[in-house]
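Residue-level listing of the chains:
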Amino acid sequence: MNEQELRSLVERMVLELAEEGPARSTPSARTPAEPASGCLEDITQTDLRRQYLVDNPRSGQAFQDLKLKTPARLGLGRAGARYKTISMLRMRADHAAAQDSVFSHVPDEFAAQNGFTPVQTLCQSKDEYLTRPDRGRRFDEQNQAIIQKTFGPHPKIALVVGDGLSSAAIEANAVDCLQAVRAGLKAYGLEGGPVLYVKYCRVGASDHIGDLTGAEVVCMLVGERPGLVTAESMSAYLTYKPHIGIPESKRTVISNIHKGGTTAVEAGAHIAELIKTMLEKKASGIDLKG
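Analysis parameters
Residues numbered from 1 in each chain as written. Predicted model: local features only at pLDDT ≥ 70, side-chain atom pairs only at ≥ 80, totals over all residues. Heavy atoms only, no water. Helix = DSSP H or I, 4+ residues; strand = E, 2+ residues; numbered from the N terminus. Buried < 20%, exposed > 50% of the residue type's maximum accessible area, 1.4 Å probe, protein only. Pairing = 2+ DSSP bridges. Axes fitted to C-alpha atoms, helices over the stretch in contact; angles between N-to-C directions. Contact = heavy atoms within 4.5 Å.

**Observations concerning the side chain of K84**
- Relative to the helices and strands, K84 is located in the loop between α2 (60–67) and α3 (85–103).
- Classification of K84 by relative accessible area gives buried; the value is 17%.

Here you go:
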């Protein structure tokens, strides 16, 4: 049984359990707080910035105003010496979402549906990707040929999407972000060209792409390592004339691209402006600051 078949089996089991449970109750038997579907409320949909669980606070409103500035887990309250049940459940749910995002794959049809050219690094499995970061930065001869054919020699801009450490981040943000990048580049009189999709991708794969194509700027959108605030955070790494061995300080990074941080469309507009600036100044990273 492959991963997709296992996922489908779990989904069917969950639906069957829901039908056998409270969903068969009559409307009058439901409590007012119970969703009409009979399923439990999804606690992960609660905005942590607006959740305040301290009983009888001395300065509750002031603390709630402070919480609006951060999704940090503040004002959780206590049940004796312990966290409240809802706080523990939310922690476990967010941790599970982060793990799922790391260990799951972007669907195979994602690249084809969006017109991306798919390639794969030297990694052959998710386990190898997680334990051998070096193999996630290089391509075999077959994939090298695809990359060179896709971009051609010495492209001005190479747009790349990599799954990275969060499949959820790519599915949630990459397409909208790229649309904004393309629109921004067009406004500056630049063409984005084709998009490469890299499976089992590390940031350093952009350096190998630079060596293979001689691209002036490589822009890579890649899933960030997920945390407990969100599992959908994506980053953009932009490098002027990347090559294997280039220092990390030569990259320009936009991080925290997600609906609760920098939105995908806003990030895309900023990326387009950065690409234009890099081409003009022929620099990226710390060199761009100077």
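**Quick look at the sheet that holds strand β4 (residues 217–223)**
- Taken in spatial order, the 6 strands make up an open sheet running β1-β3-β2-β4-β5-β6, and their pairing is mixed. The sheet is open, and its two borders are formed by β1 (117–120) and β6 (251–257), each paired with just one other strand. Strand-to-strand twist in this sheet, taken as the mean axis angle between neighbours without regard to direction, amounts to 20 degrees.
- Taken together, the 4 bridges between β1 and strand β3 (residues 195–199) define a ladder with parallel strand orientation. If you follow V119 over to β3, its bridge partner there is V198.
- Those strands touched by helix α8 (residues 205–213) are β2 (157–162), β3, β4 and β6, and its axis lies near 150 degrees from that of β4.
- Those strands touched by helix α9 (residues 264–281) are β2, β4, β5 (234–240) and β6, and its axis lies near 175 degrees from that of β6.

**What about the environment of H154?**
- Relative to the helices and strands, H154 resides in the loop between α6 (141–151) and β2.
- Judged by relative accessible area, H154 falls into the exposed class, the value being 65%.
- The sequence separation of H154 and T213 amounts to 59 residues, and the corresponding C-alpha distance is 5.6 Å.
- Beyond its immediate sequence surroundings of up to four residues, H154 is in contact with T213 and G214.

**Focus: unusual backbone geometry**
- A positive phi angle, close to 60 degrees, is found at Y200, a residue other than glycine.
- Position of Y200 relative to the elements: it lies in the loop between β3 and α8.
- Located in the positive-phi region is K241, a residue other than glycine, with phi close to 45 degrees.
- Residue placement: K241 occurs in the loop between β5 and β6.
- Note on K241: relative accessible area 47%, which makes it partly exposed.

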